[in-house]
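The residues making up each chain are set out below.
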Amino acid sequence: MKKISLVVLDAERKRALQKLRKLGLVHIEEVEGKGETFNAYKNDCEKLHSAYAVISEIKDKNAKNAQQPLSLEDASVKAAEITAWSAEVKDMEDKILSAKTELERLGRWGGVDTDDLAFLQDKNISFSLYEIPTDKYASLGEEIKTIFVNRDKNITRFLLIEKDGDANQNVSDKAFLPPEAYAVPLPPVSTRRLAEDIEQLSAAKKQTAEKIASSAVYAEAIKKAAVLAEKALEFENLNSGMGRDEAGEYALAWLTGFIPASDLASLQTAAKEENWALVSADPAEEDAVPTKLKNNKLVSLIYPLSDFLDVVPGYREYDISGWFLLFFAIFFGMIFGDAGYGSLLVVLSLLMTFIGLAKGKKPKSEAGLLFILGAATLVWGTLTCSWFGIPHDKLPAALVSLAFEPFSSAYAAQSEANNRWVVQNLQIFCFSLALFHLSVAHIKSIARNIRSPKFLGDFGALLMLWGMFYVVLNMVVDNQRFPFDAPVPIAAFSAYPILYPVAAFVAVGFALSFVFSSYEGSIKDSILSSLKNLISVLLGVVNVFSDIVSYIRLWAVGLAGAAISSTVNTMAGPMLGGFIIFAGILLLVFGHGLNLILNVLSVIVHGVRLNTLEFSNHLGMVWAGFKYKPFKE
């Protein structure tokens, strides 16, 4: 990216913005619009969005098929009407609720007429409404004058006579009442009037709601008008918010922004043609620079997911889109864990593609991503012999033979020893996946800092990771199979086995990380920085252990999904052979559909987390970026 500053004559400000928008290359730094025109556009935009939000909730097939066009001006007027009607409906709903609450509160009194009470008040006769436990009412003294109203199981209702006609005499004093007596507040109007109000308000609300429903035919017109209003507001925000020198005939206006270095020549050409003053430079360290990702078509398939999650790497952070796609597909396949589900996803992605092609549209990235995720699920389910939760003895022999024996649930079901061996293999695979995933992060960090001694700190973190990997195998998988008192063979980095003691890897790695992880030109300062954060440094070792262990979730969540599939089949099985076969089919569809939804949620929670948290933490990423959004038509 290049940071640019553009200066134009204030008199040509609007024309310059129009040219800049047509060019569509500059991400302009945020400005704050002002003025009556800007506020008018903002109000129109809010009204249009509010109106569309109201009528988009109306599910009317006839209205959907009979959409009516509107001009921008008419759409704004109609939106104002709809928002006003919506506010009226909300106000009437509040009044109806308030009236119903009052009626419910006074329902056991059989009705209260405030007009009658006011009339008696004018005659200097005052009553108050009270409720009291029945046993307490019977114990009231004779000096307290009351009129019994009614009672239910535990509560007695009565009127307390405050005055009996003598304006100067208070016959009954509330102070004589026991504390259990509760004074019932009077309603604002009589209960009869409340009931009438509810009826009138309900009728008016119905009429207003019908007006709103009849406006559903303008939904698309208002939606399009809202888009146009957004663009007009964006333009006026820049037009009124640009820096300006308003004095003199040759007053100036200016703005700053960012443009990809490859597009700078196009902007320079436009500046020469329009006689703009333009200066460009590399962004400063403190600049908030937008991020524009650029990858091949395969890696770009991950963009729908990253857009949905709204995660963007910072301008100076890594673009891990390729690694994200690779590992997310693996995590997705392991969490779904069923070849039957994977087949459904593959078929769905192909249908999406063929339907799009039939309509003359290019295949969507979503369909490509779904195909990759479905294929990963199909492969993993085949390796583990999982097909819609069907028992292994009922699967075709060909499908069982495709399974990878060390991961195969069919092989595990043959004996307890086999089951223990397969479970351990799956755990080892999860932890090995963690080792590879997190090692990639540290290797990238080493490559970034290779010209500085700081890379030794990254190398130390990598050594700790490998050492803690074996600690996890010992403590979680099997301490007999992976003892601490034996050297550990690794052949991933050499043609010959390399032996190393676990403690040495952890110790050497910790020492290198302690000395060089904060290196900024001075080893002494780096060591002092580690000493100041000693507790965090020590906890970092524990965090490496927990990060590796956290990958076990891939196996555990997949196991839970398989259990749900099996349970659904067990419940539906007896129904499929009798007269209630349709109920069995319905249960199968509902049960497996629910399991698919739960798996999607699990992928979002667990599969995404391992990329955006564990992997990113080891890489030093905080996803602090924001997307490059050029000002364009």
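Source: prediction; values computed, not measured.

(A) Main features of the packing of aromatic side chains. Per the stated rule, a full pass over the model turns up 20 aromatic pairs. Ring geometry for Y130 versus F158: centroids 5.7 Å apart, planes at 10°, classification stacked. Placement of Y130 in strand β3 (residues 125–133) and of F158 in strand β5 (residues 155–164) is noted, with a sequence separation of 28 residues between them. Across the pair, exposure class does not vary: Y130 and F158 are buried alike. With a centroid separation of 5.9 Å and 35° between ring planes, the pair formed by F510 and F514 is classed as tilted. Of this pair, F510 and F514 both sit in helix α18 (residues 502–516), separated by four residues, roughly a single helical turn.

(B) Summary view of the environment of I604. Among the structural elements, I604 can be located in helix α22 (residues 581–619). Assessed through its relative accessible area of 34%, I604 is described here as partly exposed. Each C-alpha atom, one on I604 and one on L305, is 9.7 Å from the other, the two residues being 299 residues apart in sequence.

(C) View of the pairing of strand β1 (residues 2–9). Pairing of β1 with strand β8 (residues 252–259) involves eight bridges; the strand directions are antiparallel. By the bridge assignment, L6 is partnered in β8 with L255. One ladder, built from five bridges, connects β1 with strand β9 (residues 277–281); its direction is antiparallel. When the bridges of β9 are listed, K3 appears paired with A281.

(D) Region of the structure containing the layout of surface pockets. Here the largest pocket is characterised by a volume of approximately 820 Å³. Residue lining of the largest pocket: 27 residues in total, with H442, A461, S513, N617 and H618 positioned closest to the centre. Those elements that place two or more of their residues in the lining of the largest pocket are α16 (416–448), α17 (454–477), α19 (523–532), α20 (534–549) and α22. Broken down by class, the residue content of the lining of the largest pocket amounts to six nonpolar, 17 polar and four charged. The computed volume of the second largest pocket comes to approximately 570 Å³. What lines the second largest pocket is a set of 27 residues, among which T384, S386, S409, L559 and A562 lie closest to the centre.

(E) Focus on the nonpolar core. In this structure, I302, I320, F328, L473, I548 and L554 are the most contacted members of the largest nonpolar core, which totals 65 residues. The biggest single contributor to this core is α16, with 12 residues. Setting aside anything within four residues of it in sequence, one finds I548 in contact with F431, A434, L438, L465, M468, F469 and V472. Of all hydrophobic cores here, the second largest spans 21 residues; its members include V8, A16, L255 and A270.

(F) Spotlight on unusual backbone geometry. A positive phi angle is found at N124, which is not glycine, with a value near 65°. Assignment of secondary structure puts N124 in the loop between α5 (114–122) and β3.

(G) Structural view of a nonpolar patch on the surface. Taken together, the side chains of F308, I564, F590, L594, I597, L598, V600, L601, I604 and V605 make up a nonpolar region of the molecular surface, amounting to roughly 910 Å² of accessible area. When residues in the nonpolar patch are grouped by element, the largest group, eight residues, is from α22. If you trace the backbone, L601 turns up in helix α22. L601 sits in the partly exposed class, given a relative accessible area of 47%.

(H) Representation of the side chain of D338 in the model. Tracing the backbone shows D338 in the loop between α11 (321–336) and α12 (339–358). One polar contact links the side chain of D338 to the main-chain amide nitrogen of G389, over a distance of 3.3 Å. Residue contacts for D338: discarding those within four places in its chain leaves T377, G381, S386, W387, F388 and G389.

(I) Main features of the pattern of salt bridges. For the structure shown, the criterion picks out 22 salt bridges. A salt bridge links R105 to E102; the shortest N-O distance between them is 2.8 Å. In this pair, R105 and E102 are both assigned in helix α4 (residues 72–106), three residues apart and thus about one turn of the helix distant. For E102, a relative accessible area of 16% translates into the label buried. Put simply, R108, E131, D152 and R157 are held in one network by salt bridges that share partners.

(J) Examining the confidence of the model for the protein more closely. In the predicted model, the protein carries a mean pLDDT of 87, and the fraction of residues at 70 or more is 95%. Confidence drops under a pLDDT of 50 for residues 167–172, and excluding neighbours within four residues, the segment shows 12 contacts in the predicted structure. Long-range and interchain partners of residues 489–499, a stretch whose pLDDT sits below 50, account for 11 contacts in this model, where long-range means more than four residues apart.

Conventions used here
- Residues numbered from 1 in each chain as written.
- Predicted model: local features only at pLDDT ≥ 70, side-chain atom pairs only at ≥ 80, totals over all residues.
- Heavy atoms only, no water.
- Phe/Tyr/Trp six-rings, centres within 6.5 Å; stacked < 30°, edge-to-face > 60°.
- Helix = DSSP H or I, 4+ residues; strand = E, 2+ residues; numbered from the N terminus.
- Buried < 20%, exposed > 50% of the residue type's maximum accessible area, 1.4 Å probe, protein only.
- Pairing = 2+ DSSP bridges.
- 1 Å grid on protein atoms, 1.4 Å probe; cavity = no way out; pocket = protein on both sides within 12 Å on 5 of 7 lines; lining within 4 Å.
- Points joined across faces, edges and corners; volume = space filled by probe spheres on them.
- Nonpolar A, V, L, I, M, F, W, Y, C, P; charged D, E, K, R; others polar.
- Core = buried A, V, L, I, M, F, W, Y, C linked by side-chain atoms within 4.5 Å.
- Contact = heavy atoms within 4.5 Å.
- Patch = residues over 30% accessible without salt bridge, like charges linked within 9 Å, V, L, I, M, F, W, Y side chains within 5 Å.
- Areas by Shrake-Rupley, 256 points an atom, 1.4 Å probe, with all protein chains shown as cover.
- Salt bridge = Lys/Arg side-chain N within 4 Å of Asp/Glu carboxyl O.
- Polar contact = N/O pair within 3.5 Å; in protein donor to acceptor, adjacent residues only side chain to side chain.
- pLDDT = per-residue confidence, 0-100.

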